[in-house]
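Structural overview for review
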Amino acid sequence: MTSDIVVIVDAYSSARDLAPIFRERGFRCVHVRSVANPHPVYGRSFQAGDFIADIVHDGDVAATAAAVERHAPACLIPGTESGVELADILSERLGLRSNGTALGSARRDKYRMLETVRAAGVPTAGQMLVSDLDTLLDWYAGFGGRVVLKPVRSAGNDGIHFCADADDLKSAFSALLGTDSALGARNNAVLAQEYLVGGEYIVNTVSLDGNHRVTDIWKMHHITANGVRDLGGSAQLLPRHGLEQDPLADYTFRVLDALGLRHGPAHTELKLTPQGPRLIETAARACGADLHIPVKAAIGVSQLDWTVDVYTGAVDLHSAATSEYSLIRHAGLVNMVAPASGTLLDYPKMEQLRGLDSFHTLALNVQPGGQIHRSVDDWTYPMRVYLVHEQESTVMHDILTARYLDGDGFYQVEPSEPAV
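Being a predicted model, the structure only gives us computed values, none of them experimental.

Working note: a packed helix pair is described by the angle between its axes plus the distance between those axes. Close contact between helix H3 (residues 61-69) and helix H4 (residues 84-93) brings their axes to 10 Å; oriented N to C, the two are set at 65°. H4 is crossed by H3, and the crossing has right-handed handedness. In this structure, H3 uses Val61, Ala62, Thr64 and Ala65 to contact H4, whose residues at the interface are Ile89, Leu90 and Arg93.

See the structure below:
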């Protein structure tokens with residue numbers, strides 16, 4: 001590469017670790033903020049010291065592009081979901097490697113995403129975009145069964161409602177329409193989708209010139225808690241190949257092609273239904289939830305490593321795409337689920353959690369003395385526990401044990417609302 005400058009748009013959450021990896025490879029990083037004041041969870045994760053400049057986008061694309069161009073970057077990539085569209089716009093405008101803007105909205109708008117994938121001949125769930133209740137109820141009357149209502153543009157499972165009947169539908173529609181998503185987008189319409197029956201999976205990838213490589217595959221475990229039907233409870237890292245993984249990977253590649261995602265990382269959530277894989281959504285950026293931490297320990301290289309190596313030319317994905325990952329160790333993730341909101345006084349069973357045989361590390365989102373919230377989505381888990389061990393059975397044992405510890409007595413909270 002002729003330049004040692006890399007630009008990252010919204011290097012928050014897991015993407016905060018991209019800049020240190022680039023620096024290890026001899027590159028300097030410039031940061032671009034898609035908005036001046038990001039979501040507080042994002043803002044807290046930002047590491048200003050990893051960047052030689054921090055450019056704030058105020059809505060003027062030409063001005064932001066000019067500010068970036070002065071650094072003569074070798075490449076420009078998105079960090080978190082909020083930076084995907086701006087990264088596509090800037091990279092295309094500056095003539096850098098880019099997924100372009102032609103399908104940019106389909107990579108962010110969940111309704112357009114499924115419509116675009118379906119138009120490419122890839123089977124998807126039934127759905128409808130609605131802005132009035134009567135239309136929604138008419139659609140539901142002809143559809144029946146369990147459905148899902150969600151914002152068109154958001155992240156972190158924000159605003160997802162599982163509806164079993166018309167009353168649930170009315171309540172969820174009222175709760176969503178006219179409100180702002182977690183990323184600040186106004187919900188002027190609501191996305192209604194068929195509820196997909198089957199196990200949920202994550203397929204993380206990295207791409208270059210339309211060549212795709214799977215970096216890690218996860219099987220999700222959901223629980224019903226705090227009024228949420230499918231709350232993400234835990235996950236297990238899977239080997240690259242298997243009866244589940246192979247069709248999921250093949251389907252994911254078709255989705256990436258349909259969405260014009262030719263370069264960079266992608267995070268795809270799917271369900272394996274009796275009819276085969278079906279897309280929940282794809283994000284044109286690296287996986288969140290710090291999954292790269294257990295992946296690095298279990299495989300030796302994470303999606304973030306692959307992303308850096310692809311953009312800096314350290315690997316040739318045209319040939320490396322055929323080289324599959326293998327598990328050196330097994331890994332798991334547990335989202336701890338807080339039952340009530342209030343002031344957190346202590347985690348009385350923390351030492352038991354740390355004493356698990358496969359305990360690797362944890363991400364503590366709420367410290368004692370801080371405000372804890374009843375967990376209803378990815379934004380409200382008080383902590384995530386990462387497990388790594390040579391034996392798969394040990395990881396599974398500790399996933400279940402952590403889930404048990406997460407019950408009565410794990411949190412000492414001074415409530416701010418009645419417990420549910």
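Let's shift gears to the packing of aromatic side chains. Across all of its chains, the model carries nine aromatic pairs by this definition. With centroids separated by 6.5 Å and ring planes inclined at 75°, the aromatic side chains of Phe22 and Phe27 adopt a geometry described as edge-to-face. On the basis of relative accessibility, which here comes to 0%, the residue Phe22 falls in the buried class. Judged by centre distance (5.9 Å) and plane angle (85°), the rings of Phe162 and Tyr195 are edge-to-face. In this pair, Phe162 sits in strand E7 (residues 161-163) while Tyr195 sits in the loop between strand E8 (190-194) and strand E9 (199-208), placing the two residues 33 residues apart along the sequence. Exposure remark for Phe162: the relative accessible area of 23% places this residue in the partly exposed category.

With that out of the way, let us pick up the side chain of Ser302. By the element assignment, Ser302 lies in the loop between helix H9 (292-299) and helix H10 (303-312). By relative accessible area, Ser302 is classed as buried at 2%. When neighbours within four sequence positions are excluded, Ser302 is seen to be in contact with His292, Val295 and Lys296.

Inspection of the entire model under this criterion finds 20 salt bridges. With a closest N to O distance of 3.7 Å, Glu24 and Arg25 form a salt bridge. Using a relative accessible area of 64% as the deciding quantity, one classes Glu24 as exposed. Relative accessible area serves as the criterion here: at 32%, Arg25 is assigned to the partly exposed category. Glu85 is paired through a salt bridge with Arg108; the nearest N and O atoms lie 3.9 Å apart. In this pair, Glu85 sits in helix H4 while Arg108 sits in the loop between H4 and helix H5 (110-119), placing the two residues 23 residues apart along the sequence. One network of salt bridges, in which partners are shared, links Glu24, Arg25, Lys296, Asp305 and Asp309.

Attention shifts here to the pairing of strand E18 (residues 383-389). Counting buried positions along E18 gives seven out of seven residues, so the element sits mostly inside the fold. Burial of the side chains of E18 extends over both faces: Met383, Val385, Leu387 and His389 are buried on one face and Arg384, Tyr386 and Val388 on the other. Where strand E14 (residues 330-336) lies against E18, seven bridges are found, and the strand directions are antiparallel. Looking at the pairing, Leu333 lines up with Tyr386 of E18.

Among the nonpolar cores identified, the biggest contains 37 residues, and Val117, Trp218, Leu237, Val255 and Leu279 are the most heavily contacted of them. Listed by contribution, the elements that provide at least two residues to this core are H5, E9, strand E10 (211-225), strand E11 (228-238), helix H8 (245-258), H9, E14 and E18. When residues in this core are grouped by element, the largest group, five residues, is from H8.

Relative to the assigned elements, Ser375 resides in the loop between strand E17 (371-372) and E18. A polar atom in the side chain of Ser375 sits 2.9 Å from the backbone oxygen of Thr380.

A few words on the sheet that holds strand E6 (residues 147-150). Strand order in this open sheet of four strands is E5-E8-E6-E7, and the pairing throughout is antiparallel. Across the chains shown, the open sheet's two edge strands, defined by having one partner strand only, are strand E5 (127-130) and E7. Taken over all neighbouring pairs, the strand axes of this sheet differ in orientation by 25° on average, direction set aside. Two strands pair when backbone bridges link them, and E6 and E8 are joined in this way by four bridges, in the antiparallel orientation. Looking across to E8, one finds that Lys150 is bridged to Leu191. Where H5 meets the sheet, its contacts fall on E5, E6 and E8, and the angle it forms with E5 comes to roughly 145°.

Reading the values: rules and limits
Residues numbered from 1 in each chain as written. Predicted model: local features only at pLDDT ≥ 70, side-chain atom pairs only at ≥ 80, totals over all residues. Heavy atoms only, no water. Axes fitted to C-alpha atoms, helices over the stretch in contact; angles between N-to-C directions. Helix = DSSP H or I, 4+ residues; strand = E, 2+ residues; numbered from the N terminus. Left-handed = near helix turned anticlockwise from the far one by under 90°. Contact = heavy atoms within 4.5 Å. Phe/Tyr/Trp six-rings, centres within 6.5 Å; stacked < 30°, edge-to-face > 60°. Buried < 20%, exposed > 50% of the residue type's maximum accessible area, 1.4 Å probe, protein only. Salt bridge = Lys/Arg side-chain N within 4 Å of Asp/Glu carboxyl O. Pairing = 2+ DSSP bridges. Core = buried A, V, L, I, M, F, W, Y, C linked by side-chain atoms within 4.5 Å. Polar contact = N/O pair within 3.5 Å; in protein donor to acceptor, adjacent residues only side chain to side chain.

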